[in-house]
Amino acid sequence: MVMPILRCLQVNKKYAVGENTVHALRDITISFEQGEICAVRGPSGSGKSTLLHILGGLEYPTTGKVYYQDEDLFAYNDNQLSILRRRRFGFVFQAYNLVQELTAYENILLPVLLDKKKPDEKYLSMLIEILGLQQRLDHLPSALSGGQQQRVAIARALANKPSILFADEPTGNLDGKTGREVLSLLKYVSIEMGVTLILVTHDLHIAEQAERIILLEDGCITEDSGRREV
Amino acid sequence: MSAKFSLSSIALGNIRGRRRQYILLTGAIVLAIYFVATMLLFASTMFTSLRERHYQRFGEQDVIIFNAAREPLAELMSSGILTDDYGEAAIYGYVLPDGQSKANGFSVAVFDENALALARKDLLAGRLPERAGEIALEQSMLARLRTEAAVGDTVTLTLAIPDGVNFKDSTVQKSFKLVGVVSDKLIYLDEWNSVLPVYRDFPAGILSAAEEITLGGKTVINIYGRYAAPSSGFKQMLDFYFNHEELQNEGSELPFEDTRYVLLSDNFSDEDIFITYLFLIIIALVLVLAACLGIINAFTSNLEARKQQLGLLRAVGATKKQLREILGRETSLLALFSIPLALLLASLTVWSLTKAMGESYIFRPNILVIIGVAAAGLLCVRLAASIPLRAAAKVPPMQAIRNVELARKMRKSKIVSQQLFDVPLLLAKRNRTLYQSKQLGIKLSPSVPFWKCL
Ligand SMILES: Nc1ncnc2c1ncn2[C@@H]1O[C@H](COP(=O)(O)OP(=O)(O)OP(=O)(O)O)[C@@H](O)[C@H]1O
Ligand SMILES: [Mg+2]
């Protein structure tokens, strides 16, 4: 068995809302292998986004632990966690992914730059070509279509050659056809780059194409297909 | 594709994208620095103009000691009353304008380099005498001589010869070539009418160093000196002469004339000057404080509008330090643009003000003031901005995805749903609970506009 790249242990997340608390995640224990492509499904409010944020180190769990390559994510200080995020993780959110004041190219370069590295021009131009963004690099996000914006976001998420890509309904704002295009691109680049992809999606059709499907209901994992051939 | 992309590009991009907000922000900074710079530049222009006017009228020396050959000059210097870069004017003779009486007369002397510089005999025409037989005269002396002579002409003077204390009654006639006309010194005009011993004189004619001094008499030398301590020099001089009875003259006149420049008038003491400065500094500080408040507010409201972007940068992996760096660069770029602009505007204002005030006021931009204001301005902008920047760096990465800050606030203020409500009223109330602290900051700024502090 391959060593898991990312795993979480008995993660609970509670939100206080007024007098009540919402139990968004209950005792989640799960692990992901390097290069795995995993879809997370579940009804609205089941805790998919919350799980993704905690796995990606964006949000703290109420209890439980998350390990990235056997390192406790939340034992890191803010600075170390930031550096881990920009080197090892890539994020594609549902919307508002891009810095509106920077061009598409500058947005893609952002994590590289924050890491004070010299951009790997060859790798980046390959990425840009795969995602079909050559003609759009000098545009500001506001001049790009929703699909193009998401492709820029994918390029940015991959710019630092991360080992895990988190995507939370990256096609939620797109129409069916464009959404499918973006998703297959996402899947394609992940396989090409050997990146672990954890993808939250409503689209059953897309989920079916993933190597592994996890079903989340009311904060609990109710189904886990495990890694399989597709 | 921008080849050189750096943290500054992010800062620049931000400024590009938020031009309106930044114009406001720049306006606030420019206005604040403009007020401070204008005030300080105007004050320094006034000070230098007044001083320059005094120098033009009286010369740059603090004191003129008459017939100093008798004085223990060395003691004045060794006891730290005078500086040792004094100048000497060796009096050659006393000119009798009508050839007979000393009325309306004036003396001519050989000035050394220091004395010439201190006495500020600024040339109006021609040049200074270089050879024996040449002379330069103060402008109004020509009138006293009732001569039409111009530069290049020869003037014949009837001279009384100094005898060590006074001037002899016997006279000598001598011709000089008038080579230059120098500006009048009021000090002379002020004094020439009063009945003073003639030796107590401010020479108004300049001879070359090559001139043979003694025409059979004893030299009288006047000293042009500067006080080592300008503020207390006069008093020290007085004490010195009171303690040396042998130096006092037959008359009650002091053997020296105090001509130092004092701000405003003699009645102003050092404390008054200090208080004037203190007052100016306090006004400047109040202005700076108001300016900082304006900058803090402008930045806070600017950052409020971009929490989502900051969260996104954090999510993508910017550390708190980097966030501060990016925003700090925005401030620096702003300061780089607004500070020179403000200084330029301030200089223009003071320039036109001095222009309007008349010829005797000259605008000389004080480099120290300009550098000081620029440095202080930069420091203020950075300091003022550091407060909102610190807050901005605390934006959690989750803010990129949803407004967690608002949710947190909502929880803290225990908001519960209302069943029946007046829409505008409830919204106004909610806004107050949720954005209270931010509004406070914005409220503060119009309540302390800097122009009111004037
Ligand atoms: N900041 C928060 N404060 C309070 N409750 C929250 C917060 N974030 C999430 N929740 C609650 O946690 C639960 C899980 O939310 P989450 O966003 O993870 O659901 P989801 O599965 O992603 O839903 P969707 O498919 O609609 O995006 C929801 O009930 C939600 O109301
Ligand atoms: Mg969600």
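Please read these numbers as outputs of a predicted model, since none were measured by experiment.

Enquirer: Even after reading the chapter, I still don't get the overall build of chain B, so can you show me in this structure?
Expert: A count of helices and strands for chain B gives 14 helices and ten strands. Split into buried and exposed, the 454 residues of chain B put 45% on the buried side. Contacts spanning at least 24 positions in sequence make up 80% of the contacts within chain B whose residues lie at least 6 apart.

Enquirer: Just to check I follow, could you spell out the sheet that holds strand S5 (residues 71-72) of chain A for this structure?
Expert: Backbone-to-backbone hydrogen bonds pair the strands of a sheet. The strands run either parallel or antiparallel. Residues and elements named next belong to chain A. If you walk across this open sheet you meet the four strands as S2-S1-S4-S5, and the pairing is antiparallel. Taken across any chain shown, the strands that pair with only one partner, and hence form the sheet edges, are strand S2 (20-33) and S5. Of the strand pairs in this sheet, strand S1 (residues 4-17) and S2 are connected by ten bridges, and their pairing is antiparallel. Opposite Arg-7, over in S2, you have Ser-31 as the bridge partner.

Enquirer: How should I be thinking about the side chain of A:Thr196 in this particular structure?
Expert: All names here are of chain A. Checked against the element boundaries, Thr-196 lands in strand S8 (residues 196-200). Exposure remark for Thr-196: the relative accessible area of 0% places this residue in the buried category. A distance of 3.4 Å separates the side chain of Thr-196 from the backbone oxygen of Glu-33, its partner in a polar contact. Among residues more than four places away in sequence, those in contact with Thr-196 are Ile-5, Phe-32, Glu-33, Gln-34, Gly-35, Glu-36, Ser-163, Ile-164 and Leu-165.

Enquirer: Please explain the interface of chain B and chain A as it appears in this structure.
Expert: Quoted interface sizes are often the accessible area lost when the parts come together. Facing 31 residues of chain B, the contacting portion of chain A comprises 33 residues. A combined buried area of about 2,900 Å² lies between chain B and chain A, and 62% of that area is made up of carbon and sulfur atoms. Counting the contacts that link chain B with chain A gives one salt bridge. With its nearest N and O atoms 2.8 Å apart, the salt bridge here joins B:Arg314 to A:Asp78. Along the contact surface separating chain B from chain A lie eight residue pairs in polar contact (both at pLDDT 80 or more).

Enquirer: Looking at this structure, I do not really get the packing of helix H4 (residues 121-130) of chain A against helix H6 (residues 176-193) of chain A. What am I missing?
Expert: Two quantities define a packed helix pair, namely the angle between the axes and the distance from one axis to the other. All names here are of chain A. Where H4 meets H6, the closest approach of the two axes is 11 Å, and the angle between their N-to-C directions is 150°. Put simply, H4 runs roughly antiparallel to H6. Considering the relative orientation of H4 and H6, their crossing is right-handed. Seen from H4, the contacting residues are Tyr-123, Met-126, Leu-127 and Ile-130; seen from H6, they are Leu-185, Tyr-188, Val-189 and Met-193. Grouping the constituent residues of the contact of H4 with H6 by class yields eight nonpolar, no polar and no charged.

Enquirer: What should I look at first to understand the environment of B:Asp112 in this one?
Expert: All names here are of chain B. Position of Asp-112 among the secondary structure elements: in the loop between strand S3 (106-111) and helix H4 (113-119). The exposure class assigned to Asp-112 is partly exposed, which follows from its relative accessible area of 28%. In this structure the C-alpha to C-alpha distance between Asp-112 and Glu-88, which are 24 residues apart in sequence, comes to 5.7 Å. With sequence-adjacent residues up to four places away left out, Asp-112 is seen in contact with Gly-87 and Glu-88.

Enquirer: What is the right way to look at the pairing of strand S9 (residues 212-217) of chain A in this model?
Expert: Put simply, side chains in a regular strand alternate between the two faces of the sheet. All names here are of chain A. Counting buried residues along S9, five of its six residues qualify, which places the element largely inside the surrounding structure. The pairing of strand S3 (residues 37-41) with S9 spans four bridges and is parallel. Within S9, the position partnered with Ala-39 by the bridge is Ile-213. Inspection of the sheet shows S9 paired to strand S10 (residues 220-224) by four bridges, in the antiparallel sense. In the sheet register, Leu-216 faces S10, and the bridge partner there is Ile-221. Turn length for the S9-S10 hairpin, with the two strands adjacent in sequence and antiparallel, is two residues, and the turn residue Asp-218 shows positive phi of about 50°.

Enquirer: Sorry, what's going on with a nonpolar patch on the surface here?
Expert: There is a patch of nonpolar side chains on the surface, built from B:Phe337, B:Leu341, B:Leu344, B:Leu345, B:Leu348 and B:Trp351 and spanning about 580 Å² of accessible area. Summarising the element assignment, B:Phe337 is placed in helix H10 (residues 320-357).

Enquirer: Looking at this structure, how should I read the packing of helix H5 (residues 146-158) of chain A against H6(A)?
Expert: Residues and elements named next belong to chain A. Put simply, H5 and H6 touch, their axes get as near as 10 Å, and they point 15° apart. When the axis of H5 is compared with that of H6, the two are roughly parallel. The element H5 and its partner H6 pack so that their crossing is right-handed. Contacts between H5 and H6 pair Gly-147, Gln-150, Arg-151, Ile-154 and Leu-158 from the former with Thr-178, Val-182, Leu-185, Leu-186 and Val-189 from the latter. Grouping the amino acids of the contact of H5 with H6 by side-chain chemistry returns six nonpolar, three polar and one charged.

Reading the values: rules and limits
Residues numbered from 1 in each chain as written. Chains lettered and ligands numbered in written order. Predicted model: local features only at pLDDT ≥ 70, side-chain atom pairs only at ≥ 80, totals over all residues. Heavy atoms only, no water. Helix = DSSP H or I, 4+ residues; strand = E, 2+ residues; numbered from the N terminus. Buried < 20%, exposed > 50% of the residue type's maximum accessible area, 1.4 Å probe, protein only. Contact = heavy atoms within 4.5 Å. Pairing = 2+ DSSP bridges. Polar contact = N/O pair within 3.5 Å; in protein donor to acceptor, adjacent residues only side chain to side chain. Buried area = accessible area lost by both parts, 1.4 Å probe. Salt bridge = Lys/Arg side-chain N within 4 Å of Asp/Glu carboxyl O. Axes fitted to C-alpha atoms, helices over the stretch in contact; angles between N-to-C directions. Parallel < 35°, antiparallel > 145°, perpendicular 65-115°, else oblique. Left-handed = near helix turned anticlockwise from the far one by under 90°. Nonpolar A, V, L, I, M, F, W, Y, C, P; charged D, E, K, R; others polar. Patch = residues over 30% accessible without salt bridge, like charges linked within 9 Å, V, L, I, M, F, W, Y side chains within 5 Å. Areas by Shrake-Rupley, 256 points an atom, 1.4 Å probe, with all protein chains shown as cover.

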